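Commentary on secondary and tertiary structure
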Amino acid sequence: MNCCPEKLTRRCFLEQAARLSFQVGLSALLAGCARLQPPATPSPLAPSPTPSAVPTRDQAAAQDATPDRADGAFEPAYVALHRSGELARRAEALWAVMERCRLCPRQCGVNRLDGMSGFCRTPGAILMISGAHAHFGEERPLVGEGGSGTIFLTHCNLRCVFCQNWTISHLGRGSEATVDDFAAIMLWLQAEGCHNINVVTPTHYSPHILKALDVAAGKGLRIPVVYNTSGWERLEILAFLDGVVDIYLPDFKYWDGAMAAKYSAGAENYPEVTGAAILEMHRQVGVAKPNRKGIMERGLMIRHLVMPNDVPARSR
Ligand code: SF4
């Protein structure tokens, strides 16, 4: 069914979103998420795709039940990079990007290492955290019995007018923290029984996240990282996260640049940039892969936002 371009209804938006999701195998995710009981006959012979290969839906369904290691134990992607020293190298390289900050599509070019703030209003290179806790209201495959170990980071590069975390993202309410504090919070959430480390609005703090992960991995962090993002990401920055992030959790908010510009502070290129970013995320981590208890350990999960007050995703 083709939607009327003059007036995009919520139904049409969701249908279009579903088509994008189908491109990246969301149907496999939905099948995996609905199956919270162990699969009757998990296939130990399920083939692994090459990094750039997009699996078929049948292959994706088989991968859902396949643990990452032959002994069945899950190991997050970042651990190997920590052991090799690559995680530390990437963290340093990403940190240097803040000298003329281009961490996000705004590409302000300000020197955050010298204390300058760009569009996101992050105070230079200072890390600010608003809160952290086991979150039981997250998407179900991330929650399980222990909750999603959510860490709310302050400020935001997209700054949508309808943000539900306004005081955190727009006003920047939170406390200064060091990279070691950040790592300690990750380890505490793991000790609390959380199934993952869920960094909320991570884009402008990606260097801090990699540094903290490197410290925490050295002290025993072994749960997957959820990159909980607006989806508006640069491909050049996502390359630093390849092999680090286990689970990408992007939003997809708009199909229309005019609507993105109107409600997300001039971000007119949101549809193209986010579409490309989501395909890259999928290339890196593939479809969602819940373990045998239905908890997601790796893969891509997309959230389609429906605008408040009946606002369409496309200009009328
Ligand atoms: S992260 Fe902030 S300072 Fe850096 S480019 Fe984006 S908006 Fe500008």
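Below: a short report on this structure.

1. What about the overall build of the chain?
Within the chain, the regular secondary structure consists of twelve helices and nine strands. Considering the chain as a whole, with its 316 residues, one finds that 47% of them fall into the buried category. Put simply, 69% of the contacts in the chain that link residues at least 6 apart link residues at least 24 apart.

2. Quick word on the environment of Glu99
Tracing the backbone shows Glu99 in the loop between helix H5 (86-97) and strand S1 (127-135). Residues Glu99 and Met116, 17 residues apart in the sequence, show an inter-C-alpha distance of 9.4 Å. Apart from residues lying up to four places away in sequence, Glu99 is in contact with Asn111 and Leu113.

3. Some details on helix H9 (residues 206-218)
For H9, which comprises 13 residues, the first-to-last C-alpha distance of 19 Å matches the rise-based estimate of 18 Å (1.5 Å per residue) to within 8%. With twelve of 13 residues buried, H9 lies mostly within the body of the structure. Burial in H9 covers these residues: Ser206, Pro207, His208, Ile209, Leu210, Lys211, Ala212, Leu213, Asp214, Val215, Ala216 and Ala217. The positive-phi residue at the C-terminal boundary of H9 is Gly220, with phi of around 110°.

What counts and how
Residues numbered from 1 in each chain as written. Predicted model: local features only at pLDDT ≥ 70, side-chain atom pairs only at ≥ 80, totals over all residues. Helix = DSSP H or I, 4+ residues; strand = E, 2+ residues; numbered from the N terminus. Buried ≥ 20, exposed ≤ 12 C-beta atoms within 10 Å, placed from the backbone. Contact = placed C-beta atoms within 7 Å. Expected span 1.5 Å × (residues − 1).

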